[in-house]
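What follows is each chain in one-letter form.
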Amino acid sequence: MQLVEQAPAAARRVRTPLLVAAGVLVVVVALVLVPWLAADPGRQPAPRRPSFPRTVGGWSSTASSVRRAPLGAAIALVGYGDSGQLVIGADGTDYRSVLGGHVFTGRTDGEGLLSPDGRSVAVGGIDDVLRLVRLGDGSVRSYRIHGARRVRALAFAPDGTRIVCAVTAAGSGPDSVVLLDPKAGTSVPLATGTARGAAFSPDGGSIAVQVGGDIQVAHSSGVLAGRLPDIGGTLAGPHAWSPDGRWLALAGADGRSVHFASTDPGSGDTPPAPPGDQHARFVGWADARTLLVTDGGALLRQPLAHTGTVRRIGTVPAGATLDDVAVALIDSRHLAVTGAAADYGPPPAWWLRTVVGGVALLVAILCAVGALWYRRRRGAGGTSLRAMPA
């Protein structure tokens, strides 16, 4: 009988490429799954009953964008310092990033303004463009303002059809305030100078614009209607004009200490007494006799002249600010308060790509290591011998 050397088994020659192929397959499947998981769910309707969270959620860098997971409508816009802004859905539980997932992120100033009905956010830019983000489907429309170097949204009209913008001029030209009509694609000059604030009258026919200490009141056509002399304060945001048209809410130098001025100084009307707490920050009007203010992190409904009971709506966490609210929703008598946990939506595509890609890479490496170990183990066993007939 003769002993001869036998070549390795066929399985040994086949398993190694199979394991490597399996690892490559995992990577390919992962790359296919990421776009599927990040698919746009399409237009979302607004909830029937608006709600505000009992406790506003904190910042999340993995919050989904409205482009990927639309809201329908938002009840508030919350700022988290240098981290950015999130909109809170009208259901009080959904949180979304306005800018995340949009190609213009690097050209915006990161500050948004919420429309009264909560269905759009106007985002200023460090260029000559104002972007309008529709929360119902995440779409973005851009509007260019000639001669601008920077554009900032100051106030929405009550019906959401027009936007007052502060314009920083390019070159040596003066700064200005313009009224933008997105649907018509036109802009009307309102004032010259650096704006400190603006607010529409309840009917949308007049606009108060503060440039320096004085407040100019213009018609929506751009024609100047009058001036209010230096009244010792700054317009307290886009919702400063009271629903009955009689008062303008003003803030101190630090944005607090709310007080009031008459829109018709010649009427002799005495403005309401300011709130007793001088640390309150004005947010808007719930109605002609009730303010919305934040104080010590709490959002409150505070009656004028201390004639009623202060009602707490919700709480904003430390380090966050309530930048804007959808006044048509939050002043509703049907507003509910929800204690449901914050829902930041499906993770953004970059997060999914990182996690799924990392897992796929790990599987591929393990397959390669397993193949190498199997090959060395088989090689260490030596060649096999088989008896052959002489």
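Residues numbered from 1 in each chain as written. Predicted model: local features only at pLDDT ≥ 70, side-chain atom pairs only at ≥ 80, totals over all residues. Heavy atoms only, no water.

Observations regarding the overall build of the protein chain
What the protein chain contains, in helices and strands, is 3 helices and 27 strands. Expressed as a percentage of the 390 residues in the protein chain, the buried residues total 45%. Of the contacts made within the protein chain by residues no fewer than 6 positions apart, 51% connect residues no fewer than 24 positions apart. (Helix = DSSP H or I, 4+ residues; strand = E, 2+ residues; numbered from the N terminus. Buried < 20%, exposed > 50% of the residue type's maximum accessible area, 1.4 Å probe, protein only. Contact = heavy atoms within 4.5 Å.)

What about the sheet that holds strand 16 (residues 214–219)?
Spatially, the 4 strands line up as an open sheet ordered 14-15-16-17, and their pairing is antiparallel. Only two strands of the sheet have a single partner each, and these edge strands are strand 14 (195–200) and strand 17 (224–228). Strand-to-strand twist in this sheet, taken as the mean axis angle between neighbours without regard to direction, amounts to 20 degrees. Strand direction decides the pairing type here: strand 15 (residues 206–211) and strand 16, joined by 6 bridges, are antiparallel. The partner of Val211 across the bridge, within strand 16, is Asp214. (Pairing = 2+ DSSP bridges. Axes fitted to C-alpha atoms, helices over the stretch in contact; angles between N-to-C directions.)

A short note on the pattern of salt bridges
Tallying each qualifying case throughout the model produces 3 salt bridges. For Arg131, the salt bridge identified is with Asp127, shortest N-O distance 2.9 Å. Note on accessibility: Arg131 and Asp127 belong to one class, buried. A salt bridge links Arg246 to Asp269; the shortest N-O distance between them is 3.5 Å. With a gap of 23 residues between them, Arg246 in the loop between strand 18 (234–235) and strand 19 (247–251) and Asp269 in the loop between strand 20 (259–262) and strand 21 (281–287) connect regions that are remote in the sequence. Judged by relative accessible area, which is 33%, Asp269 ranks as partly exposed. (Salt bridge = Lys/Arg side-chain N within 4 Å of Asp/Glu carboxyl O.)

Let's talk about the nonpolar core
Among the nonpolar cores identified, the biggest contains 39 residues, and Phe52, Val56, Ile75, Val87, Val98, Leu322 and Ile330 are the most heavily contacted of them. Listed by contribution, the elements that provide at least two residues to this core are strand 3 (74–79), strand 4 (85–89), strand 7 (120–125), strand 21, strand 25 (321–325) and helix 2 (327–330). At 5 residues, the largest contribution of residues to this core is made by strand 3. Sequence-distant contacts of Ile330, that is, excluding residues within four places in its chain, are made with Phe52, Ile75, Leu292, Leu299, Arg301, Val325 and Leu335. Leu235, Ala240, Leu300 and Leu304 belong to the second-largest nonpolar core, a separate cluster that totals 25 residues. (Core = buried A, V, L, I, M, F, W, Y, C linked by side-chain atoms within 4.5 Å.)

Some remarks on the sheet that holds strand 21
Strand order in the open sheet formed by 4 strands is 21-22-23-24, with antiparallel pairing between adjacent strands. The open sheet has two free edges, formed respectively by strand 21 and strand 24 (311–315), since each of these has just one partner strand. If you compare each strand with its neighbour and ignore which way they point, the axes differ by 25 degrees on average. Pairing between strand 22 (residues 290–295) and strand 23 (residues 298–303): 6 bridges, direction antiparallel. Bridging from a neighbouring strand, Leu292 pairs with Arg301 of strand 23.

Some thoughts on the packing of aromatic side chains
All told, the structure shown has 4 aromatic pairs when counted by the stated rule. Ring geometry for Phe282 against Trp285: centres 6.1 Å apart, planes inclined by 70 degrees, an arrangement best described as edge-to-face. In this pair, the class of Phe282 matches that of Trp285, namely buried. Of the aromatic side chains, those joined through ring pairs into one cluster are Phe260, Phe282 and Trp285. (Phe/Tyr/Trp six-rings, centres within 6.5 Å; stacked < 30°, edge-to-face > 60°.)

A word on the side chain of Asp127
You can see Asp127 is positioned in the loop between strand 7 and strand 8 (129–134). A polar side-chain atom of Asp127 sits 2.9 Å from a polar atom in the side chain of Arg131. (Polar contact = N/O pair within 3.5 Å; in protein donor to acceptor, adjacent residues only side chain to side chain.)

Let's talk about the confidence of the model for the protein chain
For the protein chain, mean pLDDT is 80; residues scoring 70 or higher make up 74% of the total. Residue range residues 1–7 is modelled with pLDDT below 50. Its contacts to residues more than four positions away, or to other chains, number 19 contacts. (pLDDT = per-residue confidence, 0-100.)

So, the pairing of strand 11 (residues 163–169)
A large share of strand 11 lies buried, amounting to 6 of its 7 residues. What sits between strand 10 (residues 148–156) and strand 11 in their antiparallel hairpin is a turn of 6 residues, with Gly160 showing a positive phi close to 75 degrees. In terms of strand pairing, strand 11 meets strand 12 (residues 176–181) through 5 bridges, oriented antiparallel. Paired with Cys165 across the bridge in strand 12 is Val178. The hairpin formed by strand 11 and strand 12 contains 6 residues between the paired strands, and Gly171 there has a positive phi angle of roughly 75 degrees.

Overview of the pairing of strand 23
A large share of strand 23 lies buried, amounting to 6 of its 6 residues. Taking the residues between adjacent antiparallel strands as the criterion, strand 22 and strand 23 are bridged by 2 residues, where Gly296 takes a positive phi near 60 degrees. Pairing between strand 23 and strand 24: 4 bridges, direction antiparallel. Of the residues in strand 24, the one forming a bridge with Ala298 is Thr315.

Comments concerning the environment of Ser176
Following the sequence through the fold, Ser176 ends up in strand 12. Considering only alpha carbons, one finds Ser176 and Leu190, 14 residues apart in sequence, at a separation of 7.6 Å. In contact with Ser176, not counting residues within four places along its chain, are Cys165, Ala166, Val167, Ala191, Thr192 and Gly193.

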